[in-house]
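Descriptive analysis of the structure
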Number of protein chains: 2
Amino acid sequence: MKSLTHENACQQILQNVHRHITLDQNEKEIFCSKLSFRKVKNREVLQKAGENCMFSYFVTKGCLHGFQTDQNGFEHVLNFAPTDYWISDLYSLISGKPAVINIEATTSSEVIILSRKDQEDLYLEVPKFERFFRVILEKSLVHFQQRILDNLRLNAEERYERFCEKYPQLVGTLAQKQIASYIGVTPEFFSKMRTRMLRRS
Amino acid sequence: MKSLTHENACQQILQNVHRHITLDQNEKEIFCSKLSFRKVKNREVLQKAGENCMFSYFVTKGCLHGFQTDQNGFEHVLNFAPTDYWISDLYSLISGKPAVINIEATTSSEVIILSRKDQEDLYLEVPKFERFFRVILEKSLVHFQQRILDNLRLNAEERYERFCEKYPQLVGTLAQKQIASYIGVTPEFFSKMRTRMLRRS
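Presented here is an overview of the structure given in this document. Because the structure is a prediction, the values reported are computed rather than measured.

Here the focus is the overall build of chain A. When its secondary structure is counted, chain A shows 8 helices and 8 strands. If you line up chain A on its principal axes, its C-alpha atoms span 55 × 35 × 30 Å. Taken over 201 residues, chain A has a buried fraction of 33%. Contacts in chain A between residues at least 24 apart in sequence constitute 69% of all its contacts with a sequence separation of at least 6.

Below, the structure is given as structure tokens:
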């Protein structure tokens, strides 16, 4: 028998799914039967770069983030996944090649896990999920396109403002270091910039 | 009656579609009935930022590119779409809000046009296209994610090498200014960098 927590997590993800497609009872059960549920500790690693990525994660509580580490050990954050976001190493997931990003818990979190195999089966058993993930991917693509353009044409202060618009729920909770790593500046530069911005406001 | 050129263009896009889904004769006809065909002059503008985007473009010959212009008039290239690539302002297409990028012919080109309305109808009439565009979006997303990470952690020379890997067919044909704009440096910097790289090799 599933735990109450698992039931709650299923309800939460179904609410999210129903924003884009409508499932009947049987389809809901097929979908939920493929999900597993996990609590994740702060800074726990769910995916290591270099290892094959086998799972997509849907965050029901807390936050995960995807990042790469450069040769100097500096972390570059690709994306944050707060509550109700999906995260995975899509490159590895679709190519079967080793992952290029690490996925780590930004804070203690709870996640729903969908394996690559179950996701492929889901497309065949409930083809509506093609539509669901097509819509999710469209939204992600728009976000990443905007981020590329922001990185090309905005300065660090403007990129920080964009971050605050995109992730308002994270502004007060993340370490400055993590935000600095997302907007592409050193923690020292970020700290000085924030002081400058606060003084002006 | 359709022209021979239209027939050829349909054959080309169907070959591309068949890499990911299989269509029967009826489905092929539904799909092709929704496509229109256009020759585009070098530097012709297909989409202006600020105007609603109503179309997706599939390039059958030549190349288009998407870009933003900053307040100093400097162009920032988001992406190139050579033969067999799709391009659109996805943000505007899915939100109905004004486009944030311009789409222009990089060189004289031939394109297939699919309107937003026809694309939505297509999903309902031939649901397999949900899968097709889901797969296309996955590939685009992986590319854009990698570009964000490259922009965060690679220097200009390394970003140019990535460009050459991604678009080998464009390296010898694009103006240096266009490549500079894609990798995020001024044409002057790009020219000096290329000279330095050539001297070393």
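Still more ground to cover, so stick around.
At the interface, 27 residues of chain A touch 27 residues of chain B. For the side of chain A that touches chain B, the secondary structure elements donating two or more residues are β5 (75-82), α3 (90-95) and α5 (128-153) of chain A. For the side of chain A that touches chain B, the class distribution of residues is 14 nonpolar, 6 polar and 7 charged.

Once that is clear, we can look at the nonpolar core. Counting residues in each nonpolar core, the largest one holds 92 residues, and the members touching the most others are A:Y57, A:L64, B:Y57 and B:L64. The two domains that each donate at least three residues to this core are domain 1 (4-136) and domain 2 (154-201) of chain B. Excluding its chain neighbours within four sequence positions, the residues that come into contact with B:L64 are B:L46, B:Y57, B:V59, B:A81, B:I87, B:I103, B:E104, B:A105, B:T106, B:S109 and B:V111.

Residue and element names in this part refer to chain B. Most of strand β5 (residues 75-82) is tucked away, with 6 of its 8 residues classed as buried. As paired elements, strand β4 (residues 63-69) and β5 share 7 bridges and run antiparallel to each other. The residue of β5 that forms the bridge with F67 is V77. The antiparallel pairing of β4 with β5 creates a hairpin that spans 5 residues between the two strands, and G73 there sits at a positive phi of about 80°.

Hydrogen bonding along the main chain pairs the strands of a sheet, whether they run parallel or antiparallel. Residues and elements named next belong to chain A. Spatial ordering of the open sheet is given by β1-β8-β3-β6, a layout of 4 strands whose pairing is antiparallel. What marks the edges here is a single partner per strand, and that holds for β1 (35-40) and β6 (86-87). Running at roughly 60° to strand β8 (residues 109-115), helix α4 (residues 116-125) makes contact with β3 (55-61) and β8 of the sheet.

A few words on the relation of the copies chain A and chain B. You can overlay chain A on chain B at an RMSD of 0.0 Å; the transform is a turn of 180° with a shift of 0.0 Å along its axis. Both chain copies can therefore be described as sitting about a two-fold axis. Proximity to the rotation axis, assessed at the C-alpha, singles out A:R134 in chain A; its C-alpha lies 2.2 Å from the axis. In this assembly, 100% of the residues forming the interface of chain A have copies in chain B that are likewise at the interface, indicating an isologous arrangement.

All names here are of chain B. Two elements in contact, helix α7 (residues 176-183) and helix α8 (residues 187-200), have axes separated by 9 Å at closest approach and are oriented at 100°. The angle between the axes of α7 and α8 places the two elements in the roughly perpendicular class. Across the interface between the two elements, Q176, K177, I179 and A180 from α7 touch P187, F190 and S191 from α8. The residue inventory of the contact of α7 with α8, partitioned by class, reads 4 nonpolar, 2 polar and 1 charged.

This part is about helix α7 (residues 176-183) of chain A. Residues of α7(A) that are buried include every one of A:I179, A:A180, A:S181, A:Y182 and A:I183, and no others. Remark: A:G184 follows α7(A) within two positions and exhibits a positive phi of approximately 85°.

Residue and element names in this part refer to chain A. Read from one edge to the other, the open sheet built from 4 strands follows the order β2-β7-β4-β5, with strand pairing classed as antiparallel. Edge strands, defined here as strands with exactly one partner in the open sheet, are β2 (45-47) and β5. Each strand of the sheet is rotated relative to its neighbour by a mean of 30°, with strand direction disregarded. Relative to strand β7 (residues 102-105), β2 runs antiparallel, the two sharing 2 bridges. Across the sheet, Q47 pairs through a bridge with I103, a residue of β7.

Calculation notes
Residues numbered from 1 in each chain as written. Chains lettered and ligands numbered in written order. Predicted model: local features only at pLDDT ≥ 70, side-chain atom pairs only at ≥ 80, totals over all residues. Helix = DSSP H or I, 4+ residues; strand = E, 2+ residues; numbered from the N terminus. Buried ≥ 20, exposed ≤ 12 C-beta atoms within 10 Å, placed from the backbone. Contact = placed C-beta atoms within 7 Å. Nonpolar A, V, L, I, M, F, W, Y, C, P; charged D, E, K, R; others polar. Core = buried A, V, L, I, M, F, W, Y, C linked by C-beta atoms within 7 Å. Domains from an automatic or database assignment. Pairing = 2+ DSSP bridges. Axes fitted to C-alpha atoms, helices over the stretch in contact; angles between N-to-C directions. Least-squares fit on C-alpha atoms with pLDDT ≥ 70 in both. Parallel < 35°, antiparallel > 145°, perpendicular 65-115°, else oblique.

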